[in-house]
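# Fold and contact review
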Amino acid sequence: MKIIKSILLALTIITASSCKNNKTRVSSENVSEEITTILKSKKMNILFVVTSHDKLGDTGKKTGFWVEEFANPYYNLLDKGATITIATPKGGAAPIDPSSDTPDAATADTERFNKDADAKAKIANTHKLSDMNPDDFDAVFYPGGHGPLWDLANDKTSIALIEKFNNQAKPIAFVCHAPAALQSVKNADGTPLVKGKKVTGFTNTEEAAVGLTKIVPFLVEDMLSKNGGIYSKKEDWAAYAIQDGNLITGQNPASSELVAEKLLASLK
């Protein structure tokens, strides 16, 4: 509502100004530029919470966060004027899942990230999650990768942070494996946060397709359903995101952009 009022106020000022000077007419282009300026001036402080976990169970392989699931929302929001702070449970360098940093997994956003010294420096020097105050942010976003299944799913600081964002009715967004972070999150009445909510996340069949069903500590789809979430999905690897109130979830890496769009729309 505040942004709408600001736009209406700007239009009123522009119209009044043009009436004072008959020789000056305000074109539709001028009005459009004014609205764009107002939209970009709106403050959007968003916290990105990324995993610190880098071990893929007992396989001896590495995991971490999935680059595309970080990069696409990061640039979508950054380019719209958002201020983004990145935090991890341990602070310091956030581990990148090696499988997400390959030519096969490359996208325009991952390539932009690989050339972006500032973004890479932020990932190499993340803030410690326990130092973050939800009151300082307008929304929180969790990118996936398998790492969250081991740390964020059980991290008390993360759980408390999500609960406070939710109690403040601020947007909370998750994509792919990141809904794992909701496993132990509760509503104010003690019920699971996802109970009765429309949700999605990495599917059981997608997990089977990557051969990790017996490696991961739990399956995202099963956990969300067990906690009372109204789980839905599309075919494997299809882009799909759903919003229920302030809760936004996406199915897989391809869903990152949809999650970012819903998060941005929630902040306007």
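Residues numbered from 1 in each chain as written. Predicted model: local features only at pLDDT ≥ 70, side-chain atom pairs only at ≥ 80, totals over all residues. Heavy atoms only, no water.

## Focus: the pairing of strand S8 (residues 241-244)
A regular strand places its side chains on the two faces of the sheet in alternate fashion. Rules: By definition, two strands form a pair when at least two bridges between them are found by DSSP. A run of H or I in DSSP counts as a helix once it spans at least four residues, and a run of E counts as a strand once it spans at least two, with each numbered from the N terminus.
Bridge analysis of S8 against strand S9 (residues 247-250) gives four bridges, and the strand direction is antiparallel. Across the sheet, Ala241 pairs through a bridge with Gly250, a residue of S9. Between S8 and S9, which follow one another and run antiparallel, lie two residues, and Gly245 among them has a positive phi close to 65°.

## Overview of the packing of helix H3 (residues 67-78) against helix H9 (residues 256-267)
Selection rule: Angles here are taken between N-to-C directions and fall from 0 to 180 degrees, while the axes themselves are lines fitted to C-alpha atoms, restricted in helices to the stretch in contact. Throughout, a crossing is termed right-handed when the near helix is turned clockwise from the far one, and left-handed when it is turned anticlockwise from it by less than a right angle. The contact rule is simple, with two residues in contact once any of their heavy atoms fall within 4.5 Å. Three residue categories are used. Nonpolar comprises Ala, Val, Leu, Ile, Met, Phe, Trp, Tyr, Cys and Pro, charged comprises Asp, Glu, Lys and Arg, and polar comprises the others, including Gly.
Close contact between H3 and H9 brings their axes to 9 Å; oriented N to C, the two are set at 35°. For H3 against H9, the interelement crossing comes out right-handed. Contacts from Glu68, Glu69, Asn72, Pro73, Asn76 and Leu77 in H3 reach Ser256, Glu257, Ala260, Leu263 and Leu264 in H9. Tallied by class, the residues present in the contact of H3 with H9 amount to five nonpolar, three polar and three charged.

## Concerning the nonpolar core
Threshold: Working definition of a nonpolar core: buried Ala, Val, Leu, Ile, Met, Phe, Trp, Tyr and Cys residues. They are joined through side-chain atoms within 4.5 Å. Three exposure classes are used, based on accessible area relative to the maximum for each residue type with a 1.4 Å probe and protein chains only: buried under 20%, partly exposed in between, and exposed over 50%.
Ranked by size, the top nonpolar core spans 35 residues in total, and within it Leu47, Tyr142, Ile162 and Phe174 carry the most contacts. Those elements giving two or more residues to this core turn out to be strand S1 (45-49), strand S4 (139-142), helix H6 (156-167), strand S5 (172-175) and helix H8 (220-226). The contacts of Ile162, once residues within four sequence positions are left out, are Tyr142, Ile172, Phe174, Ala181, Leu182, Val185 and Leu193. With 30 residues, the next largest nonpolar core counts Phe113, Ala139, Phe202 and Leu267 among its residues.

## So, the pattern of salt bridges
Heads up, the rule is: Within this document, salt bridges are pairs made up of a side-chain nitrogen of Lys or Arg and a carboxyl oxygen of Asp or Glu, the two lying within 4 Å of each other.
Tallied over the entire structure, the rule returns six salt bridges. Here Lys122 ties to Asp118 by a salt bridge, and the two come within 3.6 Å at their closest N and O atoms. Of the two residues, Lys122 and Asp118 are both situated in helix H5 (residues 117-124); the distance of four residues between them amounts to about one turn of the helix. Residue Lys164 is joined to Asp135 by a salt bridge in which the shortest nitrogen-to-oxygen separation is 3.4 Å. Residue Lys164 is located in helix H6, and its partner Asp135 is located in the loop between strand S3 (127-128) and S4; the two are separated by 29 residues in the primary sequence. The partly exposed category is assigned to Lys164, whose relative accessible area is 33%. Here the salt bridges share partners, and the residues they tie into one network are Asp54, Lys55 and Lys62.

## Describing unusual backbone geometry
The backbone of Ala169 shows a phi angle near 60°, a positive value even though the residue is not glycine. Mapping Ala169 onto the fold places it in the loop between H6 and S5. Even without being glycine, Trp237 reaches a positive phi, approximately 75°. Mapped onto the secondary structure, Trp237 falls in the loop between strand S7 (230-231) and S8. Judged by relative accessible area, which is 42%, Trp237 ranks as partly exposed.

## Some thoughts on the environment of Glu68
Tracing the sequence through the fold places Glu68 in helix H3. Looking at Glu68, the relative accessible area reads 11%, which means it is buried. Along the backbone, Glu68 and Phe113 are 45 residues apart, and their C-alpha atoms lie at a distance of 9.1 Å. Once you skip the residues sitting within four places of it in the chain, Glu68 turns out to touch Pro73, Thr107, Asp109, Thr110, Pro253 and Ser256.

## A word on H3
Quick reminder of the rule: A helix's residues, less one, multiplied by 1.5 Å, set its expected span.
If you check H3, its first and last C-alpha atoms are 16 Å apart, about what twelve residues at 1.5 Å a residue would give, namely 16 Å. Within H3, burial applies to Val67, Glu68, Glu69, Phe70, Ala71, Asn72, Pro73, Tyr74, Tyr75 and Leu77.

## So, the packing of H3 against H5
Here is the rule we go by: Angle categories: roughly parallel below 35 degrees, roughly antiparallel above 145, roughly perpendicular from 65 to 115, and oblique for all the rest.
The geometry of H3 relative to H5 is characterised by a closest axis approach of 13 Å and an angle of 125° between their N-to-C directions. Between H3 and H5, the interaxial angle falls into the category oblique. The two elements H3 and H5 meet at a crossing, and its hand is right-handed. Along its contact with H3, which presents Phe70, Tyr74 and Tyr75, the element H5 presents Asp118, Ala119, Lys122 and Ile123. Looking at side-chain class alone, the contact of H3 with H5 contains five nonpolar, no polar and two charged residues.

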